[in-house]
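# Close look at the chain arrangement
Listed here are the chains, written in short residue letters.
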Amino acid sequence: VPALSIRDLRKTYDNKVEALKGVSLDVAEGDFFALLGPNGAGKSTLIGIVSSLVNLTSGSVQVHGIDLRRDRSAAMRMIGLVPQEINFNTFEQPLDILVNYAGFYGVSRDEAIVRAEEELKRAQLWDKARMMSRTLSGGMKRRLMIARAMMTRPRLLILDEPTAGVDIEIRRGMWQTLREINAAGTTIILTTHYLEEAEYLCRNLAIIDRGTIVAQGPMRQLLARL
Ligand code: ADP
Ligand code: ADP
């Protein structure tokens, strides 16, 4: 069973913009998968639908075999989402941000504290656990977003343009954290418009343009064709 299976997905917004025009793709369990495409291609729309923030117009989405429209909450429990914008309370400490987030999803406080230590270490933030998160650098804030998404132990981690507009040093730090998460068994899907990011991180990718998948397959195979 693929981690994510999408069939003939269409999305037409209220203003008649056809953001997705029949997208099909499969992401295998354990994969590191990039959805690559220019601005306006439909990447955020696709991620939004998979993470239940946007309603689909037609087609099907299955997460580990569970149909999103049939059992949305079960599908959502398997997904961790890292949004584009930093959206935690920067007047809280990283440890509290993670523990409270897990608590919101029903994780016990003791378990949340154990997980928070693990995730902060993996994100190279353990020594910052009790700082005011407002004082963290841009890269640290972004790694904290990744750590937070991992607190619910998702099988599938989805990131929407995680490194858009950040410099190369920050990107490298995030890439390292993501590689460790993937190596530990979590499937990762990210959207990006940086080819070099997809190339460095991902085994498989799909290229999307104007709502249509124009190429899909193993990174190496597609690179040879570019
Ligand atoms: P990407 O993430 O690849 O930049 P988006 O999914 O954000 O692409 O956008 C795809 C198309 O859908 C664009 O033409 C965009 O303007 C349009 N779009 C995105 N969100 C909305 C919305 N909420 N309402 C109307 N049109 C939208
Ligand atoms: P992205 O960063 O994915 O390219 P944008 O910056 O184009 O997305 O859009 C930011 C937000 O505005 C998103 O939530 C998107 O859904 C929404 N949006 C984008 N295009 C439109 C549109 N034409 N009409 C309404 N909302 C839009």
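See the structure above.
Figured I'd write up the structure that's included with this text. (Residues numbered from 1 in each chain as written. Chains lettered and ligands numbered in written order. Predicted model: local features only at pLDDT ≥ 70, side-chain atom pairs only at ≥ 80, totals over all residues. Heavy atoms only, no water.)

### Considerations on the sheet that holds strand β7 (residues 156–160)
Cut-off, in case you're wondering: A pair of strands is considered paired only if DSSP assigns at least 2 bridges between the two. Each helix is a run of DSSP H or I of at least 4 residues and each strand a run of E of at least 2, with the numbering of both proceeding from the N terminus. Helix axes are fitted to C-alpha atoms over the stretch in contact, other axes to C-alpha atoms as well, and angles between N-to-C directions run from 0 to 180 degrees. In what follows, a contact means two residues having at least one pair of non-hydrogen atoms within 4.5 Å.
Ordered by their spatial adjacency, 6 strands build an open sheet running β6-β7-β8-β3-β9-β10, and the pairing between neighbours is mixed. Each edge of the sheet is formed by a strand with only one pairing partner; in this case those strands are β6 (79–82) and β10 (212–218). Pairwise comparison of adjacent strand axes, ignoring direction, gives a mean angle of 15° for this sheet. Here strand β9 (residues 204–209) pairs with β10 via 6 bridges, running antiparallel. Note on β10: the bridge partner recorded for Asp209 is Thr212. Lying on the sheet, helix α1 (residues 43–50) is in contact with β3 (32–36), β6, β7, β8 (187–192) and β9; it crosses β7 at an angle near 145°.

### Quick look at the packing of helix α3 (residues 94–104) against helix α5 (residues 138–150)
Going by this rule: By definition in this entry, angles of less than 35 degrees are roughly parallel, angles greater than 145 are roughly antiparallel, angles of 65 to 115 are roughly perpendicular, and the rest are oblique. Left-handed describes a crossing whose near helix is turned anticlockwise from the far helix through less than a right angle; right-handed describes the clockwise counterpart. Note on residue categories: nonpolar means Ala, Val, Leu, Ile, Met, Phe, Trp, Tyr, Cys or Pro, charged means Asp, Glu, Lys or Arg, and polar means any other residue, Gly included.
Two elements in contact, α3 and α5, have axes whose closest approach is 9 Å; the angle formed by their N-to-C orientations is 30°. Compared by their axis directions, α3 and α5 come out roughly parallel. The handedness of the crossing between α3 and α5 comes out as right-handed. Facing α3, whose interface residues are Pro94, Ile97, Leu98 and Tyr101, α5 presents Leu144, Ala147 and Arg148. Tallied by class, residues from the contact of α3 with α5 come to 6 nonpolar, no polar and 1 charged.

### Comments concerning the packing of aromatic side chains
Stated precisely, the cut-off is as follows: Each Phe, Tyr or Trp ring, with Trp reduced to its six-membered ring, pairs with another whose centre is within 6.5 Å; inter-plane angles below 30 degrees give stacked pairs, above 60 give edge-to-face pairs, and intermediate values give tilted ones. The buried label goes to any residue with under 20% of its type's maximum accessible area, the exposed label to any with over 50%, and the partly exposed label to all in between, with areas taken from a 1.4 Å probe on protein chains only. Sitting over a ring, as applied to charges here, requires NZ of Lys or CZ of Arg to be within 6 Å of the ring centre and within 35 degrees of the ring normal.
For the structure on display, the rule yields 3 aromatic pairs. Measuring from ring centre to ring centre gives 5.0 Å for Tyr101 and Tyr105, while their planes differ by 50°; the resulting arrangement is tilted. According to the relative accessible area criterion, Tyr105 is partly exposed, its value standing at 49%. Put simply, the rings of Tyr101, Phe104 and Tyr105 touch in pairs and so form one group of aromatic residues. One Lys or Arg, Arg171, reaches over the ring of Tyr194 and ends 4.1 Å from the middle of that ring. Cation over ring: Arg179 sits above Tyr200, and NZ or CZ is 4.1 Å from the ring centre.

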